[in-house]
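Results of the structural survey
Chain by chain, the residues run as shown.
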Amino acid sequence: MAADKDLNELFLDTLKDIYYAEKQILKTLPKMAKAAQSEKLQQAFQKHHDETEGQIERLEQIFELLGKPARGKKCDAIEGIIDEGKEIMDEYKGTSALDAGLLAAAQAVEHYEISRYGTLKSWATKMDLKQAIKLLDQTLAEEKKTDELLTKVAESEVNYEAAA
Ligand SMILES: [Fe+2]
Ligand SMILES: [Fe+2]
């Protein structure tokens, strides 16, 4: 077993993964907002776009706390989720199911982020990185809130319209 890789390294690697993912998400959210038909959904995407800028800054603060340069590492998982979202935008353009598809894609993104930030927070706790725990927790709360908001939008209008 290679003894030279430890939790510190895994933490840093995962931080790079989510940093890359957040930057991709930042680029994609305006496109999703533009594609969405429901005004509530457009607003939700715009709001989360602004939040994502703050989340990227928090990640940069964590890199700084670790004394490492803020650098992303290609995350295949988020690429795949975003690609699926793009497919939905193309294939369901102009249909009543478009927003339902966009919502589903956005929730897949949020769930990926919640999983990553949850893991990072628990590792930061193990490593006793108090400041990092605080920053990760703030973002985790935003991701969870976004997921809940998307569920509300889905239940209130989008899925009904898709079924009508
Ligand atoms: Fe995020
Ligand atoms: Fe998010």
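Residues numbered from 1 in each chain as written. Chains lettered and ligands numbered in written order. Predicted model: local features only at pLDDT ≥ 70, side-chain atom pairs only at ≥ 80, totals over all residues. Heavy atoms only, no water.

Quick word on the overall build of the protein
The helix and strand inventory of the protein stands at 5 helices and 0 strands. Taken against the 2.2 N^0.38 rule, which gives 15 Å for 164 residues, the C-alpha radius of gyration of the protein at 17 Å falls within 12% of a compact globule. For the protein, the spread of C-alpha atoms along the principal axes amounts to about 55 × 25 × 25 Å. A total of 164 residues make up the protein; the buried ones form 43% of that total. Excluding contacts between residues fewer than 6 apart, the proportion of contacts in the protein whose partners are at least 24 apart in sequence is 81%. When the accessible area of the protein is evaluated, it comes to approximately 9100 Å², of which 51% is carbon and sulfur surface. (Helix = DSSP H or I, 4+ residues; strand = E, 2+ residues; numbered from the N terminus. Rg over C-alpha atoms; globule rule 2.2 N^0.38 Å. Buried < 20%, exposed > 50% of the residue type's maximum accessible area, 1.4 Å probe, protein only. Contact = heavy atoms within 4.5 Å. Areas by Shrake-Rupley, 256 points an atom, 1.4 Å probe, with all protein chains shown as cover.)

Concerning helix α1 (residues 7–35)
For α1, built from 29 residues, the straight-helix expectation of 42 Å at 1.5 Å per residue is met to within 8% by its first-to-last C-alpha distance of 41 Å. Two or three places before Asn8, at the start of α1, stands the capping residue Asp6, its side-chain oxygen 3.2 Å from that residue's backbone nitrogen. (Expected span 1.5 Å × (residues − 1). Polar contact = N/O pair within 3.5 Å; in protein donor to acceptor, adjacent residues only side chain to side chain.)

Thoughts on the coordination of the iron ion (ligand 2)
Ideal geometry at a metal centre gives angles of 109.5 degrees when four donors are arranged tetrahedrally and 90 or 180 degrees when six donors are arranged octahedrally. On the protein side, the iron ion (ligand 2) has His48 (NE2), Glu110 (OE), Glu110 (OE), Glu113 (OE) and Glu143 (OE) as donor atoms, found 2.0 to 2.6 Å from it. In this structure, the iron ion (ligand 2) lies 3.2 Å away from the iron ion (ligand 1), the two metals sharing Glu113 as a donor. With Glu110 in helix α4 (residues 98–126) and Glu143 in helix α5 (residues 130–163), the pair connects residues that are 33 residues apart, well separated along the chain. (Donors = N, O, S within 2.8 Å, 3.2 Å for Na, K, Ca; no water.)

Some points on the coordination of the iron ion (ligand 1)
Bound to the iron ion (ligand 1) are the protein donor atoms Glu22 (OE), Glu22 (OE), Gln55 (OE1), Glu113 (OE) and Glu143 (OE), situated 2.1 to 2.4 Å from the metal. Mapping the donors of the iron ion (ligand 1) onto the primary sequence yields the spacing E-x32-Q-x57-E-x29-E. Among the residues examined, Gln55 registers a relative accessible area of 0% and is labelled buried.

Here we look at a negative patch on the surface
A cluster of acidic residues, Asp83, Glu84, Glu87, Asp90 and Glu91, forms a negative patch at the surface. Within the secondary structure, Glu91 sits in helix α3 (residues 76–91). Judged by its relative accessible area of 56%, Glu91 is exposed. (Patch = residues over 30% accessible without salt bridge, like charges linked within 9 Å, V, L, I, M, F, W, Y side chains within 5 Å. Salt bridge = Lys/Arg side-chain N within 4 Å of Asp/Glu carboxyl O. Lys, Arg positive; Asp, Glu negative; His and termini not counted. Charge placed at Lys NZ, Arg CZ, Asp CG, Glu CD.)

Bear in mind that shape data such as this cannot, by itself, settle questions of function.
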